[in-house]
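Architecture at a glance
Below are the chains, spelled out letter by letter.
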Amino acid sequence: EGKPDTARTWAELGYRAVVPLWSATGQLESLRARSVTGAELKAVPPSGRHFADPVVYQVRGLVMANLRARSLLRTGEAPPSWPARQALEVWIAEGEPDHLALATHWPEDDPAHPVVFGIESGAWTPEVAARIPNGARVTVATHHDAAGDRYFATIRETLERRCELYRHRLRRREVAVA
């Protein structure tokens, strides 16, 4: 107690979920901590303030990704266990809670467990989109608000001519699976 926030751990500040962020090539690049206790900021990156020169962390081009999504980012191809002659199923969720809900919705041993990405503002880039194979069936699960509309528009610009694109609009606190 009495320590400045820059000297307190994520756990001391109420952040309980730590979510890895992956680059368009499937490399672990950063982390975000998510509050489950109602902290002032719902999600934060590492501050870097404990270094002599502050480090600046960004989410641009970094996505949350389940195991299959990481495989896709590394290779640009459907995971080897994906059923032959079936369009690759990809879900893109807005924010940590919906990404985690989707990423854990299907049993891991289900051969049709989809690729699941999670995005934050600025995370979706043409480089990430380029890793999704042509003909994939992509469902974008975003909130029914202006930010969700922007996320969907950005993703649509990068995928609409080569993938089957759907939108699933979420209400607040709704699990992202239809």
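The structure we're discussing is the one just above.
All of the points below concern the structure found in this document. (Residues numbered from 1 in each chain as written. Predicted model: local features only at pLDDT ≥ 70, side-chain atom pairs only at ≥ 80, totals over all residues. Heavy atoms only, no water.)

Details of the overall build of the protein chain
Filter applied, for reference: Segments assigned H or I by DSSP are reported as helices when at least four residues long, segments assigned E as strands when at least two residues long, and all are numbered from the N terminus. The cut-offs for exposure are 20% and 50% of the maximum accessible area for each residue type, with area from a 1.4 Å probe on protein chains only; residues under the lower value are buried, those over the upper are exposed, and the others partly exposed. Here, residues are in contact when the closest pair of their heavy atoms is within 4.5 Å.
Across its full length, the protein chain carries four helices and eight strands. Split into buried and exposed, the 178 residues of the protein chain put 44% on the buried side. Counting contacts in the protein chain only where the partners sit at least 6 residues apart, residues at least 24 apart contribute 68% of the total.

Structural notes on the sheet that holds strand β3 (residues 43-44)
Short version of the rule: We treat two strands as partners when DSSP finds at least two bridges between them. Angular values range over 0 to 180 degrees, each being the angle between N-to-C directions of two axes fitted as lines to C-alpha atoms, with helices fitted over their stretch in contact.
One open sheet holds the three strands; their spatial order is β1-β2-β3, and the pairing between them is antiparallel. Two strands bound the open sheet, and with one partner strand each, they are β1 (15-22) and β3. Judged from the seven bridges that link them, β1 and strand β2 (residues 28-35) form a sheet pairing that is antiparallel. Across the sheet, residue Trp22 finds its bridge partner in β2, namely Leu28. The strands that helix α2 (residues 96-103) touches are β1, β2 and β3; relative to β2, the one it contacts most, it runs at about 105°.

So, the nonpolar core
Soluble globular proteins tend to pack their nonpolar side chains together in the buried interior. As a reminder, the rule being used: Put simply, a nonpolar core is a bunch of buried Ala, Val, Leu, Ile, Met, Phe, Trp, Tyr and Cys residues held in one set by side-chain atoms that sit within 4.5 Å of each other.
Grouped together as the largest cluster of nonpolar side chains are 27 residues, with contacts concentrated most on Val90, Ile92, Phe117, Trp124, Ile132 and Val138. Elements with a contribution of two residues or more to this core: α1 (67-75), β5 (89-94), β6 (115-119), α3 (126-129), β7 (137-143) and α4 (146-159). Broken down by element, this core gets its largest block of residues, four residues, from α4. Setting aside its immediate chain neighbours within four residues, Ile132 contacts Leu72, Val90, Phe117, Trp124, Val138, Leu159, Arg162 and Cys163. Of all hydrophobic cores here, the second largest spans seven residues; its members include Trp91, Leu102, Trp106 and Ala141.

Describing the environment of Thr75
Test applied: Under this definition, polar contacts are N or O atom pairs within 3.5 Å; protein pairs additionally need one hydrogen-donor-capable and one acceptor-capable atom, and for neighbouring residues in sequence, both atoms have to be side-chain atoms.
Within the fold, Thr75 resides in helix α1. Overall, Thr75 belongs to the partly exposed group, its relative accessible area being 44%. Looking at Thr75, its side chain comes within polar contact range of the main-chain nitrogen of Glu77, at 3.1 Å.

Quick notes on the packing of aromatic side chains
As a reminder of what qualifies: Pairing of aromatic rings covers Phe, Tyr and Trp, the last counted by its six-membered ring, and requires centre-to-centre distances within 6.5 Å; plane angles under 30 degrees mean stacked, over 60 mean edge-to-face, and any other angle means tilted.
One pass over the full model with this rule turns up two aromatic pairs. Consider the rings of Trp91 and Trp106, whose centres lie 6.1 Å apart with planes at 50°: the pair is tilted. Here Trp91 is found in strand β5, whereas its partner Trp106 is found in the loop between α2 and β6, with 15 residues between them in sequence. Residues Trp91 and Trp106 agree in their burial class; the two are buried. Each ring, one from Phe117 and one from Trp124, has its centre 6.2 Å from the other, and the planes form 75°; the classification is edge-to-face.

Some points on α1
Within α1 the residues assigned to the buried category are Arg68, Ala69, Arg70, Ser71, Leu72 and Leu73. Taken from the residues just after α1, Gly76 is the one with a positive phi, measuring 75°.

Here's the deal with the environment of Glu89
Looking at the secondary structure, you find Glu89 in strand β5. You can call Glu89 buried: its relative accessible area is 17%. Expressed as a C-alpha distance, the spacing of Glu89 and Ala78, which sit eleven residues apart in the sequence, is 9.1 Å. Glu89 has contacts with Trp82, Pro114, Val115, Arg137 and Thr139, leaving out every residue within four places of it along the chain.

Examining the side chain of Thr142
Mapped onto the secondary structure, Thr142 falls in strand β7. Looking at Thr142, its side chain comes within polar contact range of the side chain of Arg167, at 2.8 Å.

Here's the deal with a nonpolar patch on the surface
Basically, it comes down to this: Only residues whose relative accessible area exceeds 30% and that take part in no salt bridge are eligible for patches, with like-charged residues grouped when within 9 Å of each other and nonpolar side chains (Val, Leu, Ile, Met, Phe, Trp, Tyr) grouped when within 5 Å. Surface accessibility in these figures is a Shrake-Rupley result with a 1.4 Å probe; residues are shielded only by whichever protein chains are displayed. What makes a salt bridge here is a side-chain nitrogen of Lys or Arg within 4 Å of a carboxyl oxygen of Asp or Glu, nothing more.
A cluster of nonpolar side chains, contributed by Val18, Leu28 and Leu31, occupies part of the molecular surface with about 240 Å² of accessible area. Tracing the backbone through its elements, the reader meets Leu28 in strand β2.

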